[in-house]
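# Descriptive analysis of the structure
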Amino acid sequence: VSPPDAKVTWDGEPAGEVPPTGILIIYNVAPGKHTVKVTKEGFLPIEQALTVTGNDVMRVPLSLTPVPLGSITFESVPAGASVYFDGQFRGMTPLSLHDVPAGSHAVMITSEGFRDVVSTVEVTGGKTTLVSETLNPGTPVPGSTRAALSPIVLAGGLAIAGLLVACRRP
């Protein structure tokens with residue numbers, strides 16, 4: 001298996017981690033149909049159906065393909081809004097992030113006195129995705145300069161965005 005350190009499951013059960021040699025041997029396999037799955041962070045998973053005959057040694061060469069990477073650029077009106085990408089603060093607009101794994105990602109753009117924008121963004125490998133938002137003024141809370149946003153609404157929006165991202169990842 002290439003690359004080493006990939007995790008292997010056999011019929012849904014952990015079978016081990018690929019050593020530096022790239023060869024993982026699985027012993028005492030019953031004849032019949034089986035499924036092998038190989039995964040590693042930063043790579044697309046591989047799942048393959050195999051038929052094993054009795055008293056046979058099988059070689060199953062598998063190579064994982066790196067997850068395609070893209071870029072994402074954030075713009076906002078007004079500029080200087082905080083960008084949270086997959087739950088982590090990444091900077092202020094305008095902002096560009098590179099080497100972002102392709103797929104769905106949770107985004108929140110926030111600025112003092114404006115309503116937060118919570119969404120999911122699809123990044124495509126080899127391309128730059130543009131996120132451009134015009135922030136709407138928030139309703140001030142008496143005695144506060146921060147726009148009112150219910151913590152329940154914010155938590156719910158982030159939870160939904162996180163679930164969408166988790167469901168779309170391989």
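Here is what the cut-offs are and how they apply
- Residues numbered from 1 in each chain as written.
- Predicted model: local features only at pLDDT ≥ 70, side-chain atom pairs only at ≥ 80, totals over all residues.
- Heavy atoms only, no water.
- Core = buried A, V, L, I, M, F, W, Y, C linked by side-chain atoms within 4.5 Å.
- Buried < 20%, exposed > 50% of the residue type's maximum accessible area, 1.4 Å probe, protein only.
- Contact = heavy atoms within 4.5 Å.
- Helix = DSSP H or I, 4+ residues; strand = E, 2+ residues; numbered from the N terminus.
- Pairing = 2+ DSSP bridges.
- Axes fitted to C-alpha atoms, helices over the stretch in contact; angles between N-to-C directions.
- Salt bridge = Lys/Arg side-chain N within 4 Å of Asp/Glu carboxyl O.

### Examining the nonpolar core
Counting 15 residues, the largest nonpolar core has Ile-72, Phe-74, Phe-85, Leu-97 and Ile-109 as its most contacted members. Sequence-distant contacts of Ile-72, that is, excluding residues within four places in its chain, are made with Phe-85, Leu-95, Ser-96, Leu-97, Val-100, Val-121, Val-123, Thr-129 and Val-131. Ranked by size, the runner-up nonpolar core spans 10 residues in total, among them Val-8, Val-36, Leu-50 and Val-52.

### Points about the side chain of Ser-82
On the secondary structure map, Ser-82 appears in strand E8 (residues 82-85). In contact with Ser-82, other than residues within four places in its own chain, are Phe-89, Gly-91, Met-92, Met-108, Ile-109 and Thr-110.

### Some remarks on the sheet that holds E8
On the basis of which strands lie adjacent, the open sheet formed by four strands has the order E9-E8-E11-E12 and antiparallel pairing. Two strands close off the open sheet at either side, each with one partner strand: strand E9 (88-92) and strand E12 (117-123). Ignoring which end each strand starts from, the neighbouring axes of this sheet average 30° apart. Where strand E11 (residues 103-110) lies against E12, seven bridges are found, and the strand directions are antiparallel. By the bridge assignment, Gly-103 is partnered in E12 with Val-123.

### Side note on the sheet that holds strand E13 (residues 128-134)
Read across the sheet, three strands follow the order E10-E7-E13 without closing on themselves; strand pairing throughout is mixed. A single partner strand is all that each edge strand has here, and the edge strands are strand E10 (95-101) and E13. Each strand of the sheet is rotated relative to its neighbour by a mean of 20°, with strand direction disregarded. Here strand E7 (residues 69-77) runs beside E10; their pairing, made up of five bridges, is antiparallel. Opposite Gly-70, over in E10, you have Val-100 as the bridge partner.

### Quick notes on the pattern of salt bridges
Tallied over the full model, the rule gives one salt bridge. The residue Glu-17 makes a salt bridge to Lys-7 at a minimum N-O spacing of 3.1 Å. Remark: Lys-7 occurs in strand E1 (residues 7-10) and Glu-17 occurs in strand E2 (residues 13-17); sequence separation between them is 10 residues.

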